[in-house]
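Listed below are the residues making up each chain.
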Amino acid sequence: MAIGGNGFSEQGLRRLREVLARHVDSGRIPGLVALVSRGEETHVEAIGTMRHDGGAPMRRDTVFRMASTSKPVSIAAAMVLVDECRLRLDDVVDPWLPELADRRVLTSPGAPLDDTVPAHRPITVRDVLTSTFGLGMDFTALGKPIMNAIFERGLTPNLPVEMPEPDEWMRRLGELPLMYQPGEQWQYQISSDLVGVLVSRVTGRPFEEFLRERVFEPLGMTDTGFHVPADQLDRLPALYAPDPVTGEFLVWDEPEGGRWSKPPAFQGGGGGLVSTADDYHAYFRMLLNGGTHQGTRVLSRPAVELMTTNRLTPQQNDARTALARNNVHISFGQGQQGGWGMGMAVRTYRGDYAPVGQFGWDGGSGTSAYADPVNGLTGILLCQLGYSVPNPAHLMNDFWTTLYQALDD
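Residues numbered from 1 in each chain as written. Predicted model: local features only at pLDDT ≥ 70, side-chain atom pairs only at ≥ 80, totals over all residues. Heavy atoms only, no water.

*Asks:* Please explain the overall build of the chain as it appears in this structure.
*Replies:* In terms of helices and strands, the chain carries 12 helices and 16 strands. The C-alpha radius of gyration computed for the chain amounts to 20 Å, which stays within 12% of the reference 22 Å derived for 409 residues, consistent with globular compactness. Projected onto the principal axes, the alpha-carbon positions of the chain cover approximately 60 × 50 × 45 Å. When the 409 residues of the chain are sorted by exposure, 58% land in the buried category. Restricting the contact set of the chain to residue pairs at least 6 apart, pairs at least 24 apart contribute 68%. Surface summary for the chain: the accessible area is close to 15,900 Å², and the carbon and sulfur share equals 50%. In the chain, the 36 positive side-chain charges and the 49 negative ones have mean positions that sit 3 Å from each other. (Helix = DSSP H or I, 4+ residues; strand = E, 2+ residues; numbered from the N terminus. Rg over C-alpha atoms; globule rule 2.2 N^0.38 Å. Buried < 20%, exposed > 50% of the residue type's maximum accessible area, 1.4 Å probe, protein only. Contact = heavy atoms within 4.5 Å. Areas by Shrake-Rupley, 256 points an atom, 1.4 Å probe, with all protein chains shown as cover. Lys, Arg positive; Asp, Glu negative; His and termini not counted. Charge placed at Lys NZ, Arg CZ, Asp CG, Glu CD.)

See below:
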């Protein structure tokens, strides 16, 4: 693709490459793939290597662990079911998720697990899809009994022990009280994994199978799934979680024999996908196109609008606001977009170079994917560095800051 024209300036794209290359040349980022598109123009940069000490070069088709950038994609399976009236937003989830019936709720977020009151009402599909069903990751509550119990039961990814198969995961989840009343407060992660279980039980099929048929295949996302086939593992780089004190590159997951080298027991919609820049580009362009891809409708326009516009009240969003403003050393700026739709963040105020309306999310393995309907812009940035250090966050920030300067209208 020729540089410049049709919405990007030649100078801006060259500067984007220079900024990305600076991060790689610093030795803090082993390698990366970046894809930006606007209108009919797509521009890709593949810089650096698959390992921090060298090895094969990064390529456009390198496969990355998408971590939490899985969330904006996996939510589409549930929205297909809403489109087909197989789920209603205000359906009670008890028929499919009986483990969550008759919930009890902590009297306060830090209360002992047996200090509870009955839930005011049942959990609904809407609560699950908007991450407000009452339980999730709260990084401002680390060390409190409920958070300790979540970790002890293996209910989240990135722990030394992998998550159990869905029915056992649900059994363990059902043992715990909620942290907040249903619909009261946005909370991270667990809702996104719960979406996959809900889709699987409604359809009677594995989550990945339904996602592949209804989302991946129509979009040509042939490299997206919950593991990497053995004959493709050479396209998966090592995943690093550097020592936060020394900066030493520690391998968190190797391609051969690692977590993504075989089908997982739990297909985690919250953070389990692997994918490529081009696959994610197809998905986010579909959202920008109101649910269609090359003439094929994947989601209805209203479904896309629900996903990509803010669904939270200020009160429901308090936890994200507190994390973003008061715990930047933990969040590295994530969560400062202001709003949350379904499966993704939505910008409701302009706090940096991106305009109100931009939607997408970042991942703790060094991934970032957003689309901007104001400018018709899509950006995908993928690397293989965990958030144990702020370097991937700095890379993402500089990517978006420089990309918006490359717009040429």
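*Asks:* Explanation requested: unusual backbone geometry in the structure shown.
*Replies:* Among all residues save glycine, negative phi is the norm, and among peptide bonds the norm is trans. Even without being glycine, aspartate 102 reaches a positive phi, approximately 50 degrees. Taking relative accessible area as the criterion, aspartate 102 reaches 75% and is therefore assigned exposed. Despite not being glycine, glutamine 189 shows a phi value in the positive range, around 80 degrees. Topologically, glutamine 189 is positioned in the loop between α5 (166–174) and α6 (190–203).

*Asks:* What is the right way to read the packing of aromatic side chains from this model?
*Replies:* By convention here, two paired aromatic rings are described through the distance between centres and the angle between planes. Counted by the stated rule, this structure contains 14 aromatic pairs. Ring geometry for tryptophan 252 versus tryptophan 260: centroids 6.4 Å apart, planes at 50 degrees, classification tilted. Residue classification places tryptophan 260 among the buried positions, given a relative accessible area of 10%. Taken together, a centroid distance of 6.4 Å and an interplanar angle of 35 degrees make the contact between tryptophan 400 and tyrosine 404 tilted. Within this pair, tryptophan 400 and its partner tyrosine 404 are both found in helix α12 (residues 391–405), separated by four residues, close to a single helical turn. By relative accessible area, which is 12% here, tryptophan 400 ends up buried. Ring pairing ties together the aromatic residues Trp186, Tyr188, Trp340 and Trp361, which thus form one cluster. (Phe/Tyr/Trp six-rings, centres within 6.5 Å; stacked < 30°, edge-to-face > 60°.)

*Asks:* How should I be thinking about the pairing of strand β15 (residues 367–372) in this particular structure?
*Replies:* The side chains of a regular strand alternate, first on one face of the sheet and then on the other. Among the six residues in β15, six count as buried, and that is most of the element. Neither face of β15 is exposed, since Thr367, Ala369 and Ala371 on one face and Ser368, Tyr370 and Asp372 on the opposite face are all buried. Relative to β15, strand β14 (residues 359–363) runs antiparallel, the two being bridged by five bridges. When the sheet's bridge partners are listed, tryptophan 361 is paired in β15 with alanine 369. In sequence, β14 turns back onto β15 through a hairpin of three residues, with glycine 366 there showing a positive phi of about 95 degrees. Two elements, β15 and strand β16 (residues 377–383), share six bridges in a ladder whose sense is antiparallel. Looking at the pairing, threonine 367 lines up with leucine 382 of β16. What sits between the antiparallel neighbours β15 and β16 is a turn of four residues, in which glycine 376 has the positive phi angle 60 degrees. (Pairing = 2+ DSSP bridges.)

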